[in-house]
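Letter by letter, the chains look like this.
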Amino acid sequence: RGNPTRLSKMPGMNLGDIVPDFEAETSMGPIKFHEWMGDSWAVMFSHPNDYTPVCTTELGSVAKLQPEFKKRGVKTIALSCNDTSSHQGWIEDIKATQGVTEFDYPIIADEKRDLAVKFGMVDPDEKDAAGMPLTCRA
């Protein structure tokens, strides 16, 4: 979706790049990214909003695949533009609707879009009701 020329000009991260260290509040408490990651590989993915049907399905699928990620030494972490309180409720919704018994990876709270902007994860055309940019599914 979108204009390839516009997308190629967006700042951001590429596969294999070392993500700059950051501190963030998550559904599992505060983290320092590099400390949390340790010697593992990590997959960070973003979502525009808690409780949306596609995002709920995707996070449920990642939760179900955690044993496969762990076998390969990979940690997963999601980013969504809501607070940790919303994330906690959403996790319960994911468990109830996606047949997930355990949800053992963090969701970063990025209400102000600080990390999303820093890493080029925002969609320049999509805005929420308050006019804040939404993260793209990345």
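Worth saying up front: this structure is predicted, and the values here are computed from it rather than measured.

Draft legend 1. Summary view of the overall build of the chain. Helices and strands together make up the secondary structure of the chain, namely six helices and seven strands. Mapped from its N terminus to its C terminus, the chain presents α and β elements in the order α-β-β-α-β-α-α-β-α-β-α-β-β. Burial statistics for the chain: of 138 residues in total, 41% are counted as buried. Summed over its atoms, the accessible surface of the chain is roughly 8,000 Å², and 54% of this surface lies on carbon and sulfur atoms.

Draft legend 2. Representation of the packing of helix H3 (residues 53-64) against helix H5 (residues 84-98) in the model. Interaxial distance between H3 and H5 falls to 9 Å at its minimum, and their mutual angle equals 80°. Put simply, H3 runs roughly perpendicular to H5. From H3, Cys55, Thr56, Thr57, Leu59, Gly60 and Lys64 reach across to H5, where they touch Trp90, Asp93, Ile94, Thr97 and Gln98. In terms of residue class, the contact of H3 with H5 is made up of four nonpolar, five polar and two charged.

Draft legend 3. Highlighting the environment of glutamate 111. Here glutamate 111 lies in the loop between strand S5 (107-109) and helix H6 (114-118). A sequence separation of 32 residues divides glutamate 111 from leucine 79, and the C-alpha atoms of the two residues are 9.8 Å apart.

Draft legend 4. Structural view of the pattern of salt bridges. Applying the stated criterion to the full structure yields four salt bridges. Glutamate 92 serves as the salt-bridge partner of lysine 95, at 3.5 Å between the closest nitrogen and oxygen. One end of the pair is lysine 95 and the other is glutamate 92, both in helix H5 and three residues apart, which spans about a single turn. When its relative accessible area of 26% is taken as the criterion, lysine 95 is described as partly exposed.

Cut-offs used in this document
- Residues numbered from 1 in each chain as written.
- Predicted model: local features only at pLDDT ≥ 70, side-chain atom pairs only at ≥ 80, totals over all residues.
- Heavy atoms only, no water.
- Helix = DSSP H or I, 4+ residues; strand = E, 2+ residues; numbered from the N terminus.
- Buried < 20%, exposed > 50% of the residue type's maximum accessible area, 1.4 Å probe, protein only.
- Areas by Shrake-Rupley, 256 points an atom, 1.4 Å probe, with all protein chains shown as cover.
- Axes fitted to C-alpha atoms, helices over the stretch in contact; angles between N-to-C directions.
- Parallel < 35°, antiparallel > 145°, perpendicular 65-115°, else oblique.
- Contact = heavy atoms within 4.5 Å.
- Nonpolar A, V, L, I, M, F, W, Y, C, P; charged D, E, K, R; others polar.
- Salt bridge = Lys/Arg side-chain N within 4 Å of Asp/Glu carboxyl O.

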